[in-house]
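Each chain, letter by letter, is given below.
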Amino acid sequence: MNGSGNGNGKENGYGKRVKVESEVARKKIKTEGEKKRRVKREQKEEEEAEEYEWWRDQNGDKDDTIRWTQLEHQGVLFPPEYVPHGVPILYDGEKVYLEPEIEELVGFFAALLETEHGANPTFQRNFFNELKLLMSKSKRKYPIKEFSRCDFRPMYEYFQKQKEEKKQMSKEEKAALLEERKMIEEKYGYCILDGRREKVGNFRIEPPGLFRGRGAHPKTGCYKRRVRAEQITINIGKDAKIPEPPKGSKWGNVIHDQTVTWLAMWKENVNDNTKYVFLAAGSSLKGQSDLKKYEKARELKKHIVRIRKDYMAALTSSDGKTRQRATALYLIDRFALRAGNEKGDDQADTVGCCSLRYEHVTFEDGKVVFDFLGKDSIRYYNKVEVHPAVYRNLVSFQRAAKTPGNLLFSLINTVELNKHLSSLMPGLSAKVFRTYNASHTFQQELEKQDVTPASSIHELTLAYNRANRQVAVLCNHQRAVAKNFSGQLSKIADRLMGLRYECRRHIDLLKPNLTDLSLADRAKYDLAPFEQACRDDPDRPITTEWLYSYFADLLTKDIERLEKKKASDATQSNLDSIEEKLASLSSELSTLNSKKEALSSSKSSKPYIPEMYRLTFNSIDKSFSTIQRLYTRIVATKTALVDKDENKTTALGTSKINYIDPRITVSWCKKFDIPVEKFFPKTLREKFKWAMHADKNFKF
DNA sequence: TGTAAGACTTGGAATAATCTTC
DNA sequence: GAAGATTATTCCAAGTCTTACA
């Protein structure tokens, strides 16, 4: 099952590269040991799961409109009924108690008080309209008239308290909850599909709440109502036992449609969208379409030269429609834009290629600037150089559009575009370009990376993530910057400075002891790479001031540790020695602080180093191995820092899950003797089971 | 030929689980 | 062993694209 080449004989879950060193590494060994056990456990689970290797008997001419012949499942799981809490809200400062149905709705809003939704005027307005509607239907008279006079804080605080209590739950309570979850998953989480047990994805019916539309969605904040069995259609095998609906209710419909893959379906009330219960990503049905998707993208590889030639030629066609289509294709292919279907007024105003409007394109310094909101209202901003014919076309399309609000590609739409594409290659549509370009780019970028099978695991990971990042940038996969990101970054940078300083100190200590060695012996202790590694970062040089805070920090932490020890496990016999140590640490701290204060007045060059942190030379070997160990940590911290910074606003997951052919990753891992677990967590290994057998020479 | 419905993939955020650091 | 950070997973919104129907 595991195709990564890290057989059981290897030292640990990450192959043979992790150097195990004494003392400092001891803790690491413990956690790595745990990790190793976990990975092994997972691998065992994966191996044990009875495997139907559908990818082994794929035959192309099978009738693929029938998706299953046998389907048995347990239906869906409903969220628990509402339990009123009786906490009021304030209106003009006066308590207002609400009847359960209204309290539930108000609770949905109160819970979001401190979020962006809660602060969004559209969200507030839609919610309040729903509330007024509900109140108007009630027999009770409520004084509530204006949103601005409501205070939802008592309810909000009640929820916060509940959250806190949940956190404080005892181990036993948590375990019981987990047990219950497992039992539910055991019941609803699996189905029988053509004689095999397969995992179901979202068997839980979505609970009621306020619709959380993204971006400027006009319906955000509307009441998403509780779904009842009567609204649900169950799709199940003819011979299968129909699952029991909740007591006193019945399913809206039960059908036996073998041409679709969903198990249950209902209509959601806010946007009138259909919601489905599908199988999990790791199921054979999903796996088959995944494989098909990537094979289609690989098929495009064979046609891409011809297709590009075709649309490049069409850029200068005398027919306006042809010119628009060619230009749109150029953008979809070059910049991985989405097709851009038309959207209604009751949705957020977002666009893709075909729905680009006058205002989304500008021209600067001979370049084209795209600036629009794409899927999920994520901004797409790109200033790019394009082929002169494309530039001319875009200028003329914009001129024809005349004013903002009008379509740039006024003569074409996605249906037509895709029709044209499928005439160039069967099954080709606009989204295939995204898959093709993502996978192709990834493979190319991976090849460009400066790594060899001898590179460290850190370097290989960084290389992989860099290639992944190129794809994520191409596809414009963004994420919000984590809160306190800069704080986290400077924390790592600070740690790096400390490591560099310690490494340099040890080098300075060792160096004089090497002078008496023979030339050959001295070569054994080459310090050059380490000296290079601990050179200062020009942006953050090690100053005397920094050194004082560095040592003060060490002292403070040591003091805290000792205080804790004293409070928790001091016995009569060690109490004295703890007190003694504490006293000397505290006195060093005050010395240090006074030296630091004096720093500005006296320009003393040599910083004061507290007694306990001064180094003493022991032996060449010991000293050298300490330096090696510090060096390893410096390199690891440095790469982590670069990786983190580069990942600030880019989300790598989406492209990994949806666009990059997993066989590229598998084959790369095999080539570099690195476990695939490093890049695919459990669920992805499950999803990409079909790709795990890829050979190390696989080419997309 | 246009429009709507339906089925499926793609996507970021929220939440849960795990790891790291102190 | 607790807190905070990181990573994995779940949730459900928002796309794409095909088909049905008028």
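Along each chain, residues carry numbers from 1 onward, in the same order as the chain's sequence is written. Key to labels: chains lettered from A, ligands numbered from 1, both in the order written. Totals for whole chains, interfaces and linings use all residues, but because this is a predicted model, local features are given only for residues with pLDDT of at least 70 and pairs of side-chain atoms are given and counted only at 80 or more. Side-chain measures here rest on the full set of heavy atoms in the structure, leaving out hydrogens and waters.

### Let's talk about the overall build of chain A
Moving on, step 1. Labels follow the DSSP assignment, with helices taken as runs of H or I lasting at least four residues and strands as runs of E lasting at least two, numbered in each case from the N terminus. For chain A, the count of helices and strands is 21 helices and 15 strands.
Moving on, step 2. We call a residue buried when its accessible area falls under 20% of the maximum for its residue type, exposed when it is over 50%, and partly exposed in between, using a 1.4 Å probe and counting protein chains only. Burial statistics for chain A: of 700 residues in total, 42% are counted as buried.
Moving on, step 3. Note on areas: these come from Shrake-Rupley sampling with a 1.4 Å probe, and a residue is covered only by the protein chains present in the view. Surface summary for chain A: the accessible area is close to 39,300 Å², and the carbon and sulfur share equals 50%.

### Concerning the domain arrangement of chain A
Moving on, step 1. You can read the domains of chain A as domain 1 (71-78 + 172-280), domain 2 (89-168), domain 3 (285-432) and domain 4 (485-634).
Moving on, step 2. Using only C-alpha atoms to locate each centre, domain 3 and domain 4 end up separated by 58 Å. An automatic or database domain assignment provides the domain bounds reported here.

### A closer look at the nonpolar core
Inside soluble globular proteins, nonpolar side chains tend to come together where they are buried.
Moving on, step 1. We call a set of buried residues a nonpolar core when its members are Ala, Val, Leu, Ile, Met, Phe, Trp, Tyr or Cys and they connect through side-chain atoms within 4.5 Å of each other. Counting residues in each nonpolar core, the largest one holds 77 residues, and the members touching the most others are Leu 331, Phe 370 and Phe 409.
Moving on, step 2. Looking at this core, the element that brings in the most residues is helix H7 (residues 284-314), giving 8 residues.
Moving on, step 3. Setting aside residues no more than four positions away along its own chain, Leu 331 makes contact with Ala 336, Leu 337, Cys 353, Leu 356, Phe 370, Val 390 and Phe 409.
Moving on, step 4. Judged by nonpolar contacts, the second largest core, of 28 residues, contains Tyr 91, Leu 112, Tyr 156 and Phe 159. When checking whether two residues touch, look at their non-hydrogen atoms; a contact exists if any pair is within 4.5 Å.

### As for the UniProt feature "active site" (unreviewed entry) in chain A
Moving on, step 1. UniProt positions are given in the numbering used here, feature names are shortened, and annotations may be inferred rather than shown by experiment. Residues given the UniProt feature "active site" (unreviewed entry) here are Tyr 659.
Moving on, step 2. Judged by its relative accessible area of 15%, Tyr 659 falls in the buried class.
Moving on, step 3. Dropping the residues within four chain positions of it, Tyr 659 is found in contact with Tyr 294, Arg 434, Thr 435, Ala 438, Ser 439, Cys 475, His 477 and Thr 654.

### Some remarks on helix H5 (residues 153-167)
Helical periodicity: at 3.6 residues per turn, an α-helix aligns residues three or four positions apart in one direction.
Moving on, step 1. Helices are assigned an expected span. That span is 1.5 Å times one less than the residue count. Between its first and last C-alpha atoms H5 spans 21 Å; for 15 residues at 1.5 Å apiece the expected length is 21 Å, and the two agree.
Moving on, step 2. Of all the residues in H5, the buried ones are Met 155, Tyr 156 and Phe 159. Taken end-on, H5 shows its buried residues confined to a sector of 105 degrees, consistent with a single buried face.
Moving on, step 3. The elements touched by buried residues of H5 are strand S2 (89-91) and helix H2 (100-111). Within this analysis, the arc is defined by the directions that extend from the helix axis to the C-beta atoms.

### What to know about the protein's contact with DNA strand C
Moving on, step 1. Note on definitions. A residue lies near a molecule or strand when any single heavy atom of the residue is within 4 Å of it. Lining the immediate environment of DNA strand C, one finds 29 residues, of which Arg 214, Lys 275, Lys 343, Lys 431 and Thr 683 sit closest.
Moving on, step 2. Within 4 Å of the protein, the contacting atoms of DNA strand C are 89% sugar and phosphate, with bases supplying the remainder.
Moving on, step 3. Here a polar contact is taken to be a pair of N or O atoms separated by no more than 3.5 Å, where protein atoms must pair a possible hydrogen donor with a possible acceptor and residues adjacent in sequence count only if both atoms sit in side chains. Thr 350 places a side-chain nitrogen or oxygen 2.8 Å from a phosphate oxygen of DNA strand C.
Moving on, step 4. Measuring from a phosphate oxygen of DNA strand C, one finds a side-chain N or O atom of Asn 418 at 3.1 Å.
Moving on, step 5. The classification used treats Ala, Val, Leu, Ile, Met, Phe, Trp, Tyr, Cys and Pro as nonpolar, Asp, Glu, Lys and Arg as charged, and all other residues, Gly among them, as polar. Residues belonging to the surface near DNA strand C are distributed by class as follows: 5 nonpolar, 11 polar and 13 charged.

### Some points on the pairing of strand S5 (residues 190-193)
Moving on, step 1. Here S5 shows one buried face, formed by Cys 191 and Leu 193, and one open face, formed by Tyr 190 and Ile 192.
Moving on, step 2. DSSP-based pairing: two strands are paired if at least 2 bridges between them are found. With 2 bridges joining them, strand S1 (residues 71-72) and S5 adopt antiparallel strand pairing. Each residue of the ladder has a partner; that of Leu 71, found in S5, is Leu 193.
Moving on, step 3. Of the pairings in the sheet, the one linking S5 to strand S6 (residues 196-199) comprises 4 bridges and is antiparallel in character.

### Here's the deal with the sheet that holds strand S15 (residues 379-384)
Moving on, step 1. If you trace the 3 strands from one edge of the open sheet to the other, you get S13-S14-S15, paired in antiparallel fashion. Both outer strands of the open sheet, strand S13 (361-364) and S15, are each paired with one neighbouring strand and no more. Pairs of neighbouring strands in the sheet enclose a mean axial angle of 15 degrees, with direction left out of account.
Moving on, step 2. Angles shown run from 0 to 180 degrees and are taken between the N-to-C directions of axes, each axis being a line fitted to C-alpha atoms and, for helices, limited to the stretch in contact. Across the sheet, helix H9 (residues 388-401) is in contact with S13 and strand S14 (367-373); its angle to S13 comes to roughly 125 degrees.

### So, the pairing of strand S12 (residues 274-277)
Moving on, step 1. Relative to S12, strand S11 (residues 264-267) runs antiparallel, the two being bridged by 4 bridges. Pairing of Trp 266 across the sheet is with Lys 275, part of S12.
Moving on, step 2. Between S11 and S12, which pair antiparallel one after the other, the connecting turn spans 6 residues, and Asp 272 there sits at a positive phi close to 65 degrees.

### Digging into the side chain of Thr 261
Moving on, step 1. Within the secondary structure, Thr 261 sits in the loop between strand S10 (253-255) and S11.
Moving on, step 2. Note on Thr 261: relative accessible area 19%, which makes it buried.
Moving on, step 3. Contact partners of Thr 261, with chain neighbours within four places excluded, come to Arg 67, Phe 278 and Leu 285.

### Describing the sheet that holds S5
Moving on, step 1. Taking strand neighbours across the sheet as the criterion, the 3 strands line up as S1-S5-S6 in an open arrangement whose pairing is antiparallel. At either end of the open sheet lies a strand with only one pairing partner, and these are S1 and S6.

### Some points on the pattern of salt bridges
Moving on, step 1. Any carboxyl oxygen of Asp or Glu within 4 Å of a side-chain nitrogen of Lys or Arg constitutes a salt bridge here. In total, this model carries 32 salt bridges according to the counting rule given.
Moving on, step 2. The partner of Lys 293 in a salt bridge is Asp 290, and the shortest N-O contact between them spans 3.4 Å. Of the two residues, Lys 293 and Asp 290 are both situated in helix H7; the distance of 3 residues between them amounts to about one turn of the helix.
Moving on, step 3. Between Lys 687 and Asp 290 there is a salt bridge, and its shortest N-O distance comes to 3.6 Å. Of this pair, Lys 687 sits in helix H21 (residues 682-687) while Asp 290 sits in helix H7, and the two are 397 residues apart along the sequence. The exposure classification of Lys 687 matches that of Asp 290, with both residues buried.
Moving on, step 4. Counted as one network, the salt bridges with shared partners bring together Glu 295, Arg 298, Asp 661 and Arg 663.

### Focus: the environment of Lys 431
Moving on, step 1. Its place among the elements puts Lys 431 in helix H11 (residues 430-448).
Moving on, step 2. For the pair Lys 431 and Asn 418, spaced 13 residues apart in sequence, the C-alpha to C-alpha distance is 9.4 Å.

### Some points on the packing of aromatic side chains
Moving on, step 1. Under the pairing criterion, centres of Phe, Tyr and Trp rings, with the six-membered ring standing for Trp, must be within 6.5 Å; the plane angle then separates stacked pairs below 30 degrees from edge-to-face pairs above 60, leaving the rest tilted. One pass over the structure, following the stated rule, counts 32 aromatic pairs.
Moving on, step 2. With centroids separated by 5.3 Å and ring planes inclined at 80 degrees, the aromatic side chains of Phe 442 and Tyr 464 adopt a geometry described as edge-to-face. Of this pair, Phe 442 sits in helix H11 while Tyr 464 sits in helix H12 (residues 457-474); the two residues are 22 residues apart in sequence, bridging distant segments of the chain. The burial state of Phe 442 is the same as that of Tyr 464; both residues are buried.

### Concerning the UniProt feature "coiled-coil region" (unreviewed entry) in chain A
Moving on, step 1. Look at the UniProt record and you will see "coiled-coil region" (unreviewed entry) annotated at residues 160-187 and 568-595.
Moving on, step 2. The annotated region residues 160-187 carries 89% helix and 0% strand content, and the separation between its end C-alpha atoms amounts to 32 Å.

### Details of the packing of helix H8 (residues 320-335) against helix H10 (residues 414-424)
Moving on, step 1. At a minimum axis distance of 11 Å, the contact between H8 and H10 shows a crossing angle of 80 degrees. Taken as axis vectors, H8 and H10 run roughly perpendicular relative to one another. Judged by residue contacts, Lys 321, Arg 325, Leu 329 and Ile 332 of H8 engage Glu 416, Leu 417, His 420 and Leu 421 from H10. Roughly parallel means an angle under 35 degrees; roughly antiparallel, over 145; roughly perpendicular, 65 to 115; everything else is oblique.

### With respect to the state of the cysteines
Moving on, step 1. The definition used for a disulfide is geometric: two cysteine sulfur atoms within 2.5 Å. If you walk through the whole model with that rule in mind, you get 0 disulfides.
Moving on, step 2. The thiol sulfur of Cys 353 is not disulfide-bonded, and the nearest other cysteine sulfur, from Cys 354, lies at 5.1 Å.
Moving on, step 3. Residue classification places Cys 353 among the buried residues on the basis of a relative accessible area of 0%.

### Quick word on unusual backbone geometry
Moving on, step 1. Phi at Asp 194 is positive, roughly 50 degrees, even though this residue is not glycine.
Moving on, step 2. In this structure, Asp 194 sits in the loop between S5 and S6.
Moving on, step 3. Of note, Asn 476 is a non-glycine position whose phi angle comes to about 60 degrees, a positive value.
Moving on, step 4. Structurally, the position occupied by Asn 476 is in the loop between H12 and helix H13 (485-510).

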